[in-house]
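Notes for the structure review
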Amino acid sequence: MDSNGLNPDVLRELRALRPYPAVSLTMPTHRREHHHEQDAVRLRNLLAEAGRRLEAEPDLDKRSRAAVKGQLDKAVAEVDLRHLLDGLLLLADSGEFRVWYLPREVPERVVLSDTYLTRNLVAATAQSRPYWVLAIAADRATLWSGSGESLREHRENGFPMTPPEETWDVEREERIGDTPSTFTDEETRRFLRSVDEAMGAVLARRPRPLLLVGLAPALALLDEAGNATRTAVGRLVKGGLTDGPAPVLRRELAPVVEEYADRRMAEVLTRLDDAKGRRTFAAGLDEVWESVREKRADLVALEEHYRRTVRVSDGHLIPVDYESVAAPDVREDIVDELVEAALDGGAEVVFLPDDALAAHDRIAAVLRY
């Protein structure tokens, strides 16, 4: 599963307490096929390390140990090397397993606990900038979930939607066709209002930037009839895309997504500059980490490939060199941990292109006070 499949319900489930041990395996992977043999060897070695860790648990009975190992074996067997991205996350306990392909590099590790490790998954989801795409026509509305290079149809929450059969005049559709006059009927207005209401419910549950796709008359009528869809950050004026397919829709939307990303980066940089003038600004990993721990961060901005290995000492982060990574008190993915903590604290997290925050040591925050 890719990180586009993460939603609040899934995250809540992953964070729930589980019978010990719940095993989390993370490892960096390669997108290029010629590295996949190397990935397969690394995965086998990581599985063997997990097995040794389980065998070393003194209070774990034989049946539980065998059950967890069995689920780990199933997880490894399900890994499709053709779908690898930048990181891999395997989760398993005595009764289930999960496989996640992450568009973000993660450290190699095995963690045994009473909950799953979620920070790498949460950070990868945030970095991939998830968004919604609502494609509309007079007689159909579809919803698509976009994230990084992924776009898939969202077939929940009432979508795809069509007008009630008793209100749709087939003879009228055949006579008029998909032309601007199609959108003048009150039936269509009612339908688009219902689409807007359904979209509002989705946005309330899973807030994301919204993009609209459709012919100009449909988009205009949706603006007139709706409320939730007025928050859309971009639109593609083109018909015939309610059913995709996903690769075509993603290609058509690429300029709209890129334009919004550029606009969003400019807005974030402006907010950071304004915060400096108001003295509600933090920069650098240690300062931002402290503000996040105190839940003072309102916005955290960081570069996409920013990584740092640290040791935590007296509440501060001390950078360490590569040779110290094996030390038990060293945290390789402190940036991912910070991202998860910021989101949990109600902060907005925005990933920017590399070097966008070079003047602020790659990471900065706007503080609430």
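Quick note: structure is the one above.
The rules behind each value
Residues numbered from 1 in each chain as written. Predicted model: local features only at pLDDT ≥ 70, side-chain atom pairs only at ≥ 80, totals over all residues. Heavy atoms only, no water. Buried < 20%, exposed > 50% of the residue type's maximum accessible area, 1.4 Å probe, protein only. Helix = DSSP H or I, 4+ residues; strand = E, 2+ residues; numbered from the N terminus. Pairing = 2+ DSSP bridges. Contact = heavy atoms within 4.5 Å. Axes fitted to C-alpha atoms, helices over the stretch in contact; angles between N-to-C directions. Salt bridge = Lys/Arg side-chain N within 4 Å of Asp/Glu carboxyl O.

Overview of the pairing of strand E2 (residues 87-92)
Where burial is concerned, most of E2 is hidden: 6 out of the 6 residues are buried. Taking every second residue as pointing to the same face, both faces of E2 are buried, with Gly-87, Leu-89 and Leu-91 on one and Leu-88, Leu-90 and Ala-92 on the other. Relative to E2, strand E1 (residues 22-28) is paired through 6 bridges, and the arrangement is antiparallel. Note that in E2 the partner of Ser-24 across the bridge is Leu-91. Judged from the 6 bridges that link them, E2 and strand E3 (residues 97-102) form a sheet pairing that is antiparallel. Its bridge partner being in E3, Leu-89 is matched across the sheet by Trp-100.

Focus: the sheet that holds strand E12 (residues 310-313)
Note on sheets: strands pair through backbone hydrogen bonds, and any given pair is parallel or antiparallel. Strand order across the open sheet formed by 3 strands is E13-E12-E14, with antiparallel pairing between neighbours. The open sheet terminates on both sides in strands that have one partner only, identified here as strand E13 (316-319) and strand E14 (330-331). Looking at chain direction, E12 and E14 are connected through 2 bridges and run antiparallel. Within E14, the position partnered with Val-310 by the bridge is Arg-331. Against the sheet, helix H9 (residues 285-293) contacts E12, E13 and E14, and its axis sits at roughly 155° relative to E13.

Some points on the pattern of salt bridges
Applying the stated criterion across every chain yields a total of 37 salt bridges. Here Asp-9 and Arg-205 are joined by a salt bridge, their closest N and O atoms 2.2 Å apart. Placement of Asp-9 in helix H1 (residues 8-15) and of Arg-205 in helix H6 (residues 186-205) is noted, with a sequence separation of 196 residues between them. On the basis of relative accessible area, Asp-9 is assigned to the partly exposed category, the value being 43%. Where Asp-273 meets Lys-276, a salt bridge forms, and the shortest distance between an N and an O atom there is 3.8 Å. One end of the pair is Asp-273 and the other is Lys-276, both in helix H8 (residues 246-278) and 3 residues apart, which spans about a single turn. Assessed through its relative accessible area of 39%, Lys-276 is described here as partly exposed. Shared partners join several salt bridges into a network, and the residues in it are Arg-264, Glu-267, Arg-271, Asp-298, Glu-348 and Arg-368.

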